[in-house]
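The residues making up each chain are set out below.
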Amino acid sequence: MPAETLEFKAELKQLLRLITHSLYSDREIFLRELISNASDAVNKVRFDALANADKLEGNTDWKIKIAPDKEAKTLTISDNGIGMTRQEVIDHLGTVAQSGTRAFLEAAKASAQGAGPGLIGQFGVGFYSAFMVADTVTVVTRGPGTPADGTKWVSDGQGAFTVEAVEKPGRGTDVILHLKEDAAEFLDPWKLRSLVRKFSDFIEHPVVMDEVTEKDGEKTTTEETLNSRKAVWLRNKAEVKPDEYAEFYKQISHDSDPPLTTIHYAAEGNTEFKVLCFVPAKKPFSFDWEEPKAGLRLYVQRVLIMERCEEVLPFYLRFVKGVVDSADLPLNVSREILQQNPILTTIQKSVVKNVLDALAGMKNVEFEKYREFYAGLGPVLKEGLTRDFMNREKIADLLLFESANTPAGQLTTLAEYVEKMPEGQTDIFYLIGEDVEPLRRSPYLEAFRAKGQDVLLLSDPIDEFALPQLGEYKGKKLHAADRGAAPTADDIPADVKEQFAPLVAAFKATLPETADVRLTKRLTESAAVLVAEEHGTSAHMERLMERMGR
Ligand code: ADP
Ligand code: MG
């Protein structure tokens, strides 16, 4: 087949323009992206080969090679991974396939100034970051097959690319960067070495570079491995330094801040596995508009089986990032069968327990940090009240609330609420609205205030579903303050009832929509209040439904 010229998809053109023009200061991350692609490609062929060993063609000396060429001003990153067919080259390198990349574009569009520097590091912008340092990129690749199955892809990143058939002796991919005039620093072995250490030290396959040494006029070439390849999660907790954890977290999360907390342990007993996971310090930048991605990386005996194993992490903890490694799972079965393995359920239970315990620890010991985490991700955590029956009480203990008696800007917990309940109060009361400030002035609070009882004030959309699901806490029922029963039954004397009967009748006649009009002692300042029936829809819920057009 002759060389064919094809156009990039429209959104990719925008992305390329952004990458080449506005993200200049972070451009060295191109190396991390290309090495991570090479590593993914090796993991893929290794996984496929579990079922089909002949795919490997005896080519199993896994490595990623970096080769700077000073004369040609090129930098080549090669791997012996899965490679790509002609169609895969067109599909994968001609469109924005990856959700992180799309999310990045959204963010760039949303921000008025365009994507500021520093932003790029939070996203896997992937392959296209090569155009930050190269004016032309050539990819020569082939999958399992014969040398004649190779494909060459060339582009200047301006809008089009060409593909043609070529010979490629070994399986895998070479990415050849024709460096820009001002990117010559990436030909320097020292620079490359330090970049690999900085960004790709934990990549499990060796990243190598040829080192030429001259002795007595004789040149010898040795292959130097640049990364330490230490699987942090397999190491003993006592031996891992805090910045090694931080660096590993950065690599798997693309988060520029250090995590809120690091959870690292080895489970022993019937099932043995190792877990290393992190809770972010605050809600990640892209959390709300990125496709939700839950799960941990699953390794079996150091082989990456799944980038995101959803079975080991419940959806409401989707902000947790990390790795699980178990030697007890079978290596040579399909992912689908593996996903049904009961060991994964055991792992999930353990991960949930450890994450919830770690959060409880943070809340008790470093409240301010916990509070910042909670401000962004608390609503996600609350989803657990509706989904994770077993751990409801534990999740309830992690909740923070504003309340009628808590000064603005401070927060309370269910435990504190219960502790401060005056004698005679049996239930926990809460009031839900769109914002907490107007709730503070709500007439519903009057009767509670008069009795010295506190009311929790909530304003997350999920509260309306989550709190009733919780139902009770430490044997105390949760009760909406704007529903039927007042803090104490209204025992209105008969003569008062009689005296007000004409007024009540007049109200009923004027307001036929109301189910009932009652005299009450619950109000101390206001003249009247609307109350939902005990089992009816709450006022806030009605507003929500109205907005949804029901
Ligand atoms: P991502 O790695 O997040 O999927 P990239 O933009 O980095 O996004 O890469 C796009 C796609 O191109 C990859 O998903 C993969 O299918 C393909 N690809 C890139 N580099 C390689 C490589 N070295 N070997 C095989 N496939 C590759
Ligand atoms: Mg990538």
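Just so it is clear, the model here is predicted, and its values are computed rather than measured. (Residues numbered from 1 in each chain as written. Chains lettered and ligands numbered in written order. Predicted model: local features only at pLDDT ≥ 70, side-chain atom pairs only at ≥ 80, totals over all residues.)

Undergrad: Report on unusual backbone geometry, specifying residues and quantitative values.
TA: The backbone phi angle of Asp216 is positive, close to 50 degrees, even though this residue is not glycine. Among the secondary structure elements, Asp216 is positioned in the loop between strand 8 (207-215) and strand 9 (218-225). With 4 C-beta atoms counted inside 10 Å, the residue Asp216 sits in the exposed group. Phi angles above zero are rare outside glycine, and Lys474 is one such case at about 45 degrees. The exposed category is assigned to Lys474, around which 11 C-beta atoms lie within 10 Å. (Helix = DSSP H or I, 4+ residues; strand = E, 2+ residues; numbered from the N terminus. Buried ≥ 20, exposed ≤ 12 C-beta atoms within 10 Å, placed from the backbone.)

Undergrad: Account for the packing of helix 9 (residues 367-387) against helix 14 (residues 463-470), with residues named and values stated.
TA: As a packed pair, helix 9 and helix 14 sit with axes 8 Å apart at the nearest point and diverge in direction by 45 degrees. Judged by the angle between their axes, helix 9 and helix 14 are oblique. As for the relative orientation of helix 9 and helix 14, their crossing is left-handed in sense. Only Phe465, Ala466, Gln469 and Leu470 of helix 14 make contact with helix 9, whose side of the interface consists of Lys382, Leu385 and Thr386. Each residue belonging to the contact of helix 9 with helix 14 can be placed in one class, and the counts come to four nonpolar, two polar and one charged. (Axes fitted to C-alpha atoms, helices over the stretch in contact; angles between N-to-C directions. Parallel < 35°, antiparallel > 145°, perpendicular 65-115°, else oblique. Left-handed = near helix turned anticlockwise from the far one by under 90°. Contact = placed C-beta atoms within 7 Å. Nonpolar A, V, L, I, M, F, W, Y, C, P; charged D, E, K, R; others polar.)

Undergrad: Let's hear about the sheet that holds strand 11 (residues 273-279): which residues, and what values?
TA: What the five strands build is an open sheet, ordered 10-11-14-12-13; its pairing is mixed. The sheet terminates laterally at strand 10 (261-267) and strand 13 (303-309), the two strands that pair on one side only. Put simply, the sheet's adjacent strands are angled 15 degrees from each other on average, direction ignored. (Pairing = 2+ DSSP bridges.)

Undergrad: Run through the site of ligand 1, naming residues and quoting values.
TA: In the neighbourhood of ligand 1, 17 residues make up the surrounding shell, with Asn37, Ala41, His92, Gly126 and Phe127 lying closest. For the shell around ligand 1, the secondary structure elements donating two or more residues are helix 2 (29-51) and helix 3 (86-94). When residues of the shell around ligand 1 are assigned to their parent elements, the largest contribution, five residues, is made by helix 2. Class assignment of the residues belonging to the shell around ligand 1 gives a composition of six nonpolar, eight polar and three charged. (Near = placed C-beta within 6 Å.)

Undergrad: Kindly report on helix 9, identifying the contributing residues and their values.
TA: With 21 residues, helix 9 ought to run about 30 Å at 1.5 Å a step, yet its terminal C-alpha atoms sit only 26 Å apart, falling short of that. Of all bends in helix 9, the biggest is about 70 degrees, found at Leu377, and the proline Pro379 comes one to four residues later. For helix 9, the full list of buried residues reads Tyr370, Phe373, Tyr374, Leu377, Leu381, Lys382, Gly384 and Leu385. Against the buried residues of helix 9 lie strand 11, helix 8 (342-365), helix 10 (392-396) and helix 14. (Expected span 1.5 Å × (residues − 1). Bend = angle between axes of the 7 residues up to and from the residue.)

Undergrad: Tell me about the packing of helix 2 against helix 5 (residues 189-200), and name the residues and values.
TA: Across the interface, helix 2 lies against helix 5 with an axial gap of 9 Å and an inter-helix angle of 65 degrees. In this view, helix 2 runs roughly perpendicular relative to helix 5, as classed from their interaxial angle. The handedness of the crossing between helix 2 and helix 5 comes out as right-handed. Note on element contacts: helix 5 touches helix 2 through Leu195, Phe199 and Ser200, opposite Ile29, Leu31, Arg32 and Ile35. Here the residues of the contact of helix 2 with helix 5 sort into five nonpolar, one polar and one charged.

Undergrad: Outline the environment of Ala358, listing residues and values.
TA: Tracing the chain through its elements places Ala358 in helix 8. Ala358 sits in the partly exposed class, given 18 other C-beta atoms within 10 Å. Separated by 95 residues in sequence, Ala358 and Ile263 place their C-alpha atoms 7.3 Å apart. Beyond its immediate chain neighbours, meaning those up to four positions away, Ala358 contacts Thr261, Ile263 and Val279.

Undergrad: Tell me what's going on with the pairing of strand 6 (residues 160-166), and back it up with residues and numbers.
TA: Bridging between strand 1 (residues 4-7) and strand 6 involves four bridges; their strand directions are antiparallel. Pairing of Glu4 across the sheet is with Val163, part of strand 6. With six bridges connecting them, strand 5 (residues 150-155) and strand 6 associate as antiparallel partners. Across the sheet, Lys152 pairs through a bridge with Glu164, a residue of strand 6. Linking strand 5 to strand 6, which pair antiparallel, is a turn of four residues; within it Gly157 sits at a positive phi near 70 degrees.

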